[in-house]
Amino acid sequence: MKVAFVGKGGSGKTTLTSLFAAYLAASGKPVLAIDADINQHLAAALGASEEEAVTLPTLGDHLPLIKEHLRGDNPRITSADAMIKTTPPGRGSRLLRPFAADPVLDQCFRMVSGVRLGATGRFTEDDLGVACYHSKVGAAELLLNHFVDEPGEYVVMDMTAGADAFASGLFTRFDVTLLVCEPTLRSVGVYRQYADYARDFGVRLAVVGNKVTDDDDVAFLRDQLGDALLCWLTGSGHVRATERGQVRPIDALEPENLSALEKLVSTVDSVERDWERYHRQAVEFHLRNARSWGNDRTGEDLAAQVDPDFVPGPPALTQA
């Protein structure tokens, strides 16, 4: 299952991503997490030391390797250079099991607190004024399109803050998108903006309240969000200790917050992916990107990369 965490900056999105991933890992479930936020703090939130966090390999630095690996011997893709972030898999492409041994995944991800963790890469001084942050997440989008994950397996992404996540087709790559919302009008406003965009593309969106302190906060969220409010987490001494560098096991989290995490897991587990629809959306955004900029950049008609008779998923592992 593929899960994204989104929300207003400062809402606790990275914290919720780390708690969710840690809860799954402590339950013995396989978790692969990707830090796709412009502020790369997921490793530290999972308990990595400062040295571990700064030396985490980045997907952006490995993009050429990732492209060549995923391309496989797909005859529709003329070269790795002709692949763009939306290039969909087809027959001959290398589909990946996110938790299987794989030489490229082994280079791009590290185990942190039981979670297979990767990061898109920090925004560096050389990028300022000349690069869009979405160029950093292209490798993650390619991987999501080529991952064949199954029920009971979890690919979790901490997305960039606000509605900026809609600047690419990445937002359609998830089975469930969990929006973290504080009990404030600004945070609710981000939810409404996100919900409007999500509705147009059939994105399954649920809201988890955060930083709830009293019944008035709960009443506010219920009034503003209605049925979209799935659950909420209260102020947490466990989280504050983690932010001070005190690594604690997830079962030290407050009981009411553990119950909220269980609600998130059960919601994700209730979803069944439609692989044909999933791939159809990937193709739609690839054709949009091809027409908008990809054809000009590569000098090719990238619509030719689409394999019309191919659908990814477990059966395709023996066909691709």
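Residues numbered from 1 in each chain as written. Predicted model: local features only at pLDDT ≥ 70, side-chain atom pairs only at ≥ 80, totals over all residues. Heavy atoms only, no water.

*Asks:* Give me the layout of surface pockets: which residues, what numbers.
*Replies:* Looking at the largest pocket, its volume works out to about 640 Å³. Along its surface, the largest pocket is lined by 31 residues, and Thr14, Thr15, Ser18, Ala45 and Leu46 are the ones closest to its centre. When residues of the lining of the largest pocket are traced back to their parent elements, those giving at least two are α1 (13-26), α2 (42-45) and α9 (237-243). Sorting elements by how many residues they give to the lining of the largest pocket places α1 first, with eight residues. Residues of the lining of the largest pocket, tallied by class, amount to 13 nonpolar, 13 polar and five charged. (1 Å grid on protein atoms, 1.4 Å probe; cavity = no way out; pocket = protein on both sides within 12 Å on 5 of 7 lines; lining within 4 Å. Points joined across faces, edges and corners; volume = space filled by probe spheres on them. Helix = DSSP H or I, 4+ residues; strand = E, 2+ residues; numbered from the N terminus. Nonpolar A, V, L, I, M, F, W, Y, C, P; charged D, E, K, R; others polar.)

*Asks:* Before we move on, could you go through helix α4 (residues 63-71) and cite the residues and values that matter?
*Replies:* Those residues of α4 not exposed but buried are Ile66, Lys67, His69, Leu70 and Arg71. Lining the buried residues of α4 we find α5 (103-108) and α6 (138-146). Of the residues flanking the end of α4, it is Gly72, one or two places downstream, whose phi is positive at about 60 degrees. (Buried < 20%, exposed > 50% of the residue type's maximum accessible area, 1.4 Å probe, protein only. Contact = heavy atoms within 4.5 Å.)

*Asks:* A description of the nonpolar core should follow, citing residues and the corresponding values.
*Replies:* Formed by 50 residues in total, the largest nonpolar core has its most connected members in Leu59, Leu143 and Met157. Counting residues in hydrophobic clusters, the runner-up holds 41 residues, among them Phe5, Leu24, Ala48 and Leu117. (Core = buried A, V, L, I, M, F, W, Y, C linked by side-chain atoms within 4.5 Å.)

*Asks:* Which residues make up empty space enclosed by the protein, and what values do they have?
*Replies:* Gaps left between atoms show up when a probe the size of a water molecule is rolled over them. The final tally for this structure, using the stated rule, is two cavities of 30 Å³ or more. Residue assignment for the lining of the second largest cavity shows that the elements contributing at least two residues are α6 and α11 (275-298). Of all the elements, α11 adds the most residues to the lining of the second largest cavity, at three residues. Among the residues forming the lining of the second largest cavity, the class breakdown is two nonpolar, five polar and two charged.

*Asks:* An account of the pairing of strand β1 (residues 2-7) is requested, with residue identities and associated values reported.
*Replies:* Along any regular strand the residues' side chains alternate between the sheet's two faces. Of all six residues that make up β1, six are buried, and the element is covered over most of its length. Neither face of β1 is exposed, since Lys2, Ala4 and Val6 on one face and Val3, Phe5 and Gly7 on the opposite face are all buried. Note that β1 and strand β5 (residues 154-158) share four bridges and pair parallel. Along β5, the bridge assignment pairs Ala4 with Met157. By the bridge criterion, five bridges tie β1 to strand β6 (residues 176-181) in an arrangement that is parallel. Across the sheet, residue Val3 finds its bridge partner in β6, namely Val176. (Pairing = 2+ DSSP bridges.)

*Asks:* Can you break down the state of the cysteines residue by residue, with the values?
*Replies:* For the structure on display, the rule yields zero disulfides. This cysteine, Cys181, is not joined by any disulfide, and Cys231 carries the nearest cysteine sulfur, 12 Å off. (Disulfide = S-S within 2.5 Å.)

*Asks:* Just give me the short version of the side chain of Arg173, but keep the residues and values in it.
*Replies:* Tracing the sequence through the fold places Arg173 in the loop between β5 and β6. In this structure Arg173 is buried but unpaired, with Glu141 as the nearest side chain of opposite charge at 5.9 Å. At 3.1 Å, the side chain of Arg173 forms a polar contact with the side chain of Thr172. (Lys, Arg positive; Asp, Glu negative; His and termini not counted. Salt bridge = Lys/Arg side-chain N within 4 Å of Asp/Glu carboxyl O. Polar contact = N/O pair within 3.5 Å; in protein donor to acceptor, adjacent residues only side chain to side chain.)

*Asks:* Give a description of the packing of aromatic side chains that names residues and reports values.
*Replies:* Applying the stated criterion to the full structure yields five aromatic pairs. Between Phe171 and Phe285, the aromatic rings sit 5.7 Å apart at their centres with planes inclined by 85 degrees, giving edge-to-face as the arrangement. On the criterion of sequence distance, the pair formed by Phe171 in the loop between β5 and β6 and Phe285 in helix α11 is long-range, its members being 114 residues apart. Phe285 matches Phe171 in its accessibility class, with the two residues each being buried. Connected via pairs of aromatic rings, a cluster forms that spans Phe171, Phe201 and Phe285. The aromatic ring of Tyr278 is capped on one face by Arg273, whose charged end is 5.2 Å from the ring centroid. When the ring centre of Phe285 is taken as origin, the NZ or CZ atom of Arg288, which lies over that ring, is 5.0 Å away. (Phe/Tyr/Trp six-rings, centres within 6.5 Å; stacked < 30°, edge-to-face > 60°. Lys NZ or Arg CZ within 6 Å of the ring centre and 35° of its normal.)

*Asks:* Lay out the packing of helix α7 (residues 185-200) against helix α8 (residues 215-225) in plain terms, naming residues and giving numbers.
*Replies:* Where α7 contacts α8, the axes come no closer than 11 Å and their chain directions differ by 30 degrees. Considering their axes alone, α7 and α8 lie roughly parallel with respect to each other. The interaxial crossing formed by α7 with α8 has right-handed handedness. Residue-level contacts link Leu185, Val188, Tyr191 and Arg192 of α7 to Phe220, Gln224 and Leu225 of α8. (Axes fitted to C-alpha atoms, helices over the stretch in contact; angles between N-to-C directions. Parallel < 35°, antiparallel > 145°, perpendicular 65-115°, else oblique. Left-handed = near helix turned anticlockwise from the far one by under 90°.)

*Asks:* Tell me about the packing of α1 against helix α10 (residues 255-269), and name the residues and values.
*Replies:* Where α1 contacts α10, the axes come no closer than 10 Å and their chain directions differ by 80 degrees. The orientation of α1 with respect to α10, classified from their angle, is roughly perpendicular. Each of Leu19, Phe20, Tyr23 and Leu24 in α1 lies in contact with α10, whose residues at this interface are Leu258, Leu261, Glu262, Leu264, Val265 and Val268. In terms of residue class, the contact of α1 with α10 is made up of nine nonpolar, no polar and one charged.

*Asks:* Can you explain the pattern of salt bridges? Please cite residues and give values.
*Replies:* On inspection of all chains with the given rule, the structure shows 15 salt bridges. Across the pair Asp149 and Arg273 runs a salt bridge whose closest N-O atoms are separated by 2.7 Å. Of this pair, Asp149 sits in the loop between α6 and β5 while Arg273 sits in the loop between α10 and α11, placing them 124 residues apart in sequence. Accessibility classification places Asp149 together with Arg273 in one group, the buried group. Here the salt bridges do not stand alone but share partners, grouping Lys2, Asp149, Asp175 and Arg273 into one network.

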